[in-house]
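# Commentary on secondary and tertiary structure
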Amino acid sequence: MEQNTNSQEDDSMVTNSKEKKRQTWSRPWDFYMSSVGVSIGLGNIWRFPYMCFKYGGGAFLIPYLLTLIVIVFPLMILEVSLSQSVRKGLAASWATIPLFKGISIASAMILFHTNLSYPVILTWVFKYLVSSFSSNLPWMSCDNEWNTEHCVSLWDPEKQYLDETNNASMIPVSNVTNQTGQILGTSSAEEFWNYGVLRISNGLSEIGRLNGELWSAKVIYVTATLPLILIIIVMVRGVTLEGASVGIYYYLKPNMTQLENPEVWIAAATQVLYSSGVCAAAVLTLGSYNNYHHNFIRDVTMIAFSNSFASFVCGFAVFSTLGSMAFRQNLTMNEVVQSGPGLVFIAYPQALAMLPLPQLWNVLFFLTILLLGFDSQFVYVESFCAFFMDSYPRLRNFHKYSREIFFAVCNAGFCLLGIIFVTEGGVYVFEIFNTFGTAGWSVFFVATCEFVAVGWTYGADRHWDEINRMVGYSRIRFVVTLVWKYIGPAICMTISIYYVTAHSPLSYASYVYPPWAQAICHIVATSSAMCIPLYAFYLVVTSRKPWSQLRRKVNTEETKHENIISEEEEML
């Protein structure tokens, strides 16, 4: 379940009496629920299944879990402990290690890319939600204006598939074949995604017209809590389908030869960083509202487990459905459907279409996904705006409604800049930001700098002494500090270098991005990563402070006093 924590602060926080004081969570579990709300989102339901399918099913899970334990868990401890120790937001937290204050700027740029690209996923979901109210689900037939002559309906008496009992069966696949392997055409679900939703062009150079149906969804921002009940329903229905074991076997049994491919390891590491929200300031910002002695290590452990569990359940839902598709068509898992961002928009609707009252289940499912995404999006916008308001305090005080005005301006800007994502070529632009703006080598470079900043510049042991003062916990000290100093920066920097030098060119379906588009990809990534060295260079050149004050954070008397006040207020 998700909790939107930032747009409803009056309900979940108590305001301190002094204006300069940081607001504090009113309940011990607020931080955990809020962080779960950020980490469990579209990254689990939408991105994890298609990444897992693309990179070998079970083989993908091994590096995914290893990255979670070895990299993400220690990195979450680092970020939350840093912000909780000073009880300040993104900008002020990293300002305590002045040489690496550029990390806050880089994280803000990642948030900027996220706030541009993330809402387009919600527009796709909204399109499916609206279409689910139709008496005849549009992805079930070929009678729509966007369908081609090659369309094969999921229920077409003239092109139906006969199962082993010679009974007509639904054909929920991409390239539809008969029992002899002859290709009959493209499934109606695939055509709805490509031509009904995306209205996709031939490539990035053909941006095309604005898709008005998608644009209307970008102005809707609401919040709600989200249970995973419907995902579990889809999973239960999926595992009961005939042939579901084919997909489950592909999902759970790793092909060990796939582990020889470095792309699998890179993709798994990218996915777990993406879904956990590290390096994007969201978890760090939420941690700054904790009391000084809050047991964040317990929360971080549960957040990491909850995030992985949600991804695992979503994987079951998708792969069981794909297994049924492969079984019905006598195809392998790799042949049944193309991997890509549209995978779950093909698999989920088809699984729901096999339930009684399919319109009802589709409406509930896509409404749930929509609200799930809104919760995460609210935190991303809040974190981005809070960065500027913390950096420039005048933004908080220039008007009675200065906060509301600033948020409105930021959201209007995101909407205007996001128009390109809802054009006919918008999905190609989306893939650039999805792969290089919110993920990719830039995020791993930021992670490397975070490890170096705390592990070496400030000192891993010194920082853990501070953690010990906060929570009195030292059982995992040796392992975590070892990751901060050696394992974490080594792995993350290696992945960054691989991305730049040896990673496969970006592609979408059969379209391979041309060289000029590949250059744009790295420009997007560089826009965040280069903030760190550029700011460090600027600080060294312009600052007159001694080196010791540039590399070590100072726990000032004011900060200590604020922590004491917070403890006293909590006791009261």
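Check the entry above for the structure.
Residues numbered from 1 in each chain as written. Predicted model: local features only at pLDDT ≥ 70, side-chain atom pairs only at ≥ 80, totals over all residues. Heavy atoms only, no water.

## Observations regarding the side chain of Ser 383
Applicable threshold: Counting from the N terminus, the helices are DSSP H or I runs at least four residues long and the strands are E runs at least two residues long. Buried residues are those whose accessible area, probed at 1.4 Å on protein chains only, stays under 20% of the maximum for their type, while exposed residues exceed 50% and partly exposed ones sit between those limits. Here, residues are in contact when the closest pair of their heavy atoms is within 4.5 Å.
Within the secondary structure layout, Ser 383 lies in helix H16 (residues 358–391). Taking relative accessible area as the criterion, Ser 383 reaches 2% and is therefore assigned buried. Ignoring sequence-local partners within four residues, the contact set of Ser 383 consists of Leu 111, Ala 281, Ala 282 and Thr 285.

## Concerning unusual backbone geometry
Residue Arg 87 is not a glycine yet carries a positive backbone phi of 50°. Tracing the backbone shows Arg 87 in the loop between helix H4 (58–86) and helix H5 (90–95). Even without being a glycine, Arg 199 presents a positive backbone phi close to 50°. Note on placement: Arg 199 falls in the loop between helix H7 (188–197) and helix H8 (212–215).

## Points about the packing of aromatic side chains
So the rule is basically this: Here the aromatic set is Phe, Tyr and Trp, taking the six-membered ring for Trp, and pairing holds for ring centres within 6.5 Å; pairs whose planes are under 30 degrees apart are stacked, those over 60 apart are edge-to-face, and all others are tilted. Cation placement over rings: the criterion is NZ of Lys or CZ of Arg within 6 Å of the ring centroid and within 35° of the ring normal.
Enumeration over the complete set of coordinates arrives at 40 aromatic pairs. Pairing Trp 456 with Tyr 486 gives two aromatic rings, centres 5.5 Å apart and planes at 90°, and the pair type is edge-to-face. You can see Trp 456 sitting in helix H20 (residues 441–471) and its partner Tyr 486 sitting in helix H21 (residues 477–501), a full 30 residues away along the chain. Exposure remark for Tyr 486: the relative accessible area of 44% places this residue in the partly exposed category. Arg 47 extends its terminal NZ or CZ atom over the ring of Tyr 274, reaching a point 4.4 Å from the ring centre.

## Looking at helix H22 (residues 515–529)
Keep this limit in mind: Expected helix span is computed as 1.5 Å times (number of residues minus one). Of all possible arcs, the one meant is that of the directions from the helix axis to the C-beta atoms.
For H22, with 15 residues, the first-to-last C-alpha span of 21 Å sits near the 21 Å given by 1.5 Å per residue. Considered for burial, the residues of H22 that qualify are Ala 517, Gln 518, Cys 521, Val 524, Ala 525, Ser 528 and Ala 529. Buried residues of H22, viewed axially, fall in a sector of 135°; they line one side. Looking at H22, the residues exposed on the side facing more than 90 degrees away from the buried face are Pro 515 and Ile 523. Lining the buried residues of H22 we find helix H6 (102–131), helix H19 (426–437), H20 and helix H23 (531–542).

## Let's talk about helix H3 (residues 42–54)
Heads up, the condition is: A residue's bend is given by the angle between axes fitted to the 7 residues ending at it and the 7 residues starting at it.
For H3, built from 13 residues, the straight-helix expectation of 18 Å at 1.5 Å per residue is met to within 8% by its first-to-last C-alpha distance of 17 Å. Considering bend angle alone, the principal kink of H3 is centred on Phe 48 and spans about 35°; proline Pro 49 follows within four residues of it. Buried residues dominate H3, accounting for 12 of its 13 residues. Restricting attention to buried positions, one finds in H3 the residues Leu 42, Gly 43, Asn 44, Ile 45, Trp 46, Arg 47, Phe 48, Pro 49, Tyr 50, Met 51, Cys 52 and Phe 53. Directly after H3, the chain includes Gly 56, whose backbone phi takes a positive value near 95°.

## Thoughts on the environment of His 150
Relative to the helices and strands, His 150 is located in the loop between H6 and strand E3 (151–152). Remark: the alpha-carbon pair of His 150 and Ser 187, spanning 37 residues in sequence, is separated by 8.4 Å.

## Considering the environment of Phe 316
Position of Phe 316 relative to the elements: it lies in helix H13 (residues 296–329). The class of Phe 316 is buried, set by a relative accessible area of 16%. Expressed as a C-alpha distance, the spacing of Phe 316 and Gly 238, which sit 78 residues apart in the sequence, is 7.9 Å.

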